[in-house]
Amino acid sequence: MAAVDAHDPVHVFVERMALAFAEVGSPRMAARVLFTVMSSDDPLTAAEIGERLGVSAAAISGAVRYLTQFGMLIREPVPRSRRDRYRMPDNPWYEATITKTMIYKTFIDVAEDGVAALGAETQAGERVAEMRDFFIFVQEEIDSLRERWRARRAATGHLRPGEV
């Protein structure tokens with residue numbers, strides 16, 4: 001493992017962004033991996049990520065599994081090798097938002113069942129209905145944000161032909 005230059009501006013960026021993401025609940029190693037890959041022009045292997053972070057390639061495995069699950073990293077096989085490389089998708093923030101916000105549909109459906117079970121006229125039923133209505137509101141706002149984000153990407157030239 002190579003020594004990491006703690007004063008390197010790229011390393012400082014990676015660590016500061018990872019800390020900011022960790023402060024809002026993201027696993028810190030996953031955040032470090034994400035911003036290491038983001039700061040590279042080319043896809044990286046687990047060993048290369050580990051070298052840049054000053055940790056073993058084994059320490060990277062859980063983080064890349066987490067990040068690929070949420071659509072923040074894409075795993076690609078290295079030709080004629082058993083290794084994989086990791087890169088960010090073209091629009092990772094959008095992809096991660098879609099993946100994470102699908103949970104609201106589940107919350108809405110379960111809350112609807114809860115209202116039916118508790119009775120809409122009861123205090124408990126009213127509390128669950130308010131929760132359901134909040135998640136409906138959040139989902140509608142996210143859908144609106146996605147549309148506005150697509151429009152902004154198109155206006156700034158970041159939307160590629162055929163991209164949804």
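The structure we're discussing is the one just above.
Residues numbered from 1 in each chain as written. Predicted model: local features only at pLDDT ≥ 70, side-chain atom pairs only at ≥ 80, totals over all residues. Heavy atoms only, no water.

As for the nonpolar core
Then step 1. If you look at the biggest cluster of nonpolar residues, it comprises 20 residues, and the most contacted ones within it are Val33, Val37, Ile49, Leu53, Ile60, Leu67 and Leu73.
Then step 2. Mapped onto this core, the elements with two or more residues apiece are helix 2 (28-38), helix 3 (46-53) and helix 4 (61-69).
Then step 3. By residue number, the principal contributor to this core is helix 2, which donates five residues.
Then step 4. The residues contacting Val33, other than those within four sequence positions of it, are Ile49, Leu53, Ile60, Ala63, Val64, Leu67 and Leu73. (Core = buried A, V, L, I, M, F, W, Y, C linked by side-chain atoms within 4.5 Å. Buried < 20%, exposed > 50% of the residue type's maximum accessible area, 1.4 Å probe, protein only. Helix = DSSP H or I, 4+ residues; strand = E, 2+ residues; numbered from the N terminus. Contact = heavy atoms within 4.5 Å.)

With respect to the sheet that holds strand 2 (residues 74-77)
Then step 1. Spatially, 1-3-2 is the arrangement adopted by the three strands of the open sheet, whose pairing is antiparallel. This sheet does not close on itself; its edge strands, each paired only once, are strand 1 (44-45) and strand 2.
Then step 2. As judged from the two bridges shared by strand 1 and strand 3 (residues 84-87), these two strands associate in the antiparallel manner. Residue pairing across strands places Leu44 opposite Tyr86, the latter belonging to strand 3. (Pairing = 2+ DSSP bridges.)

Remarks on the packing of helix 2 against helix 3
Then step 1. Their axes nearest at 10 Å, the elements helix 2 and helix 3 cross at an angle of 105°. Taken as axis vectors, helix 2 and helix 3 run roughly perpendicular relative to one another. Here helix 2 contributes Met29, Arg32, Val33, Thr36 and Val37 to the contact with helix 3, which in turn contributes Ile49, Arg52 and Leu53.
Then step 2. Here the contact of helix 2 with helix 3 is composed, by residue class, of five nonpolar, one polar and two charged. (Axes fitted to C-alpha atoms, helices over the stretch in contact; angles between N-to-C directions. Parallel < 35°, antiparallel > 145°, perpendicular 65-115°, else oblique. Nonpolar A, V, L, I, M, F, W, Y, C, P; charged D, E, K, R; others polar.)

Here we look at a nonpolar patch on the surface
Then step 1. Taken together, the side chains of Phe13, Met38 and Trp93 make up a nonpolar region of the molecular surface, amounting to roughly 260 Å² of accessible area.
Then step 2. You can see Phe13 is positioned in helix 1 (residues 9-23). (Patch = residues over 30% accessible without salt bridge, like charges linked within 9 Å, V, L, I, M, F, W, Y side chains within 5 Å. Areas by Shrake-Rupley, 256 points an atom, 1.4 Å probe, with all protein chains shown as cover. Salt bridge = Lys/Arg side-chain N within 4 Å of Asp/Glu carboxyl O.)

Notes on the environment of Asp42
Then step 1. Structurally, Asp42 is set in the loop between helix 2 and strand 1.
Then step 2. You can call Asp42 exposed: its relative accessible area is 54%.
Then step 3. The spatial distance from the C-alpha of Asp42 to the C-alpha of Met88 is 9.6 Å, given a sequence separation of 46 residues.

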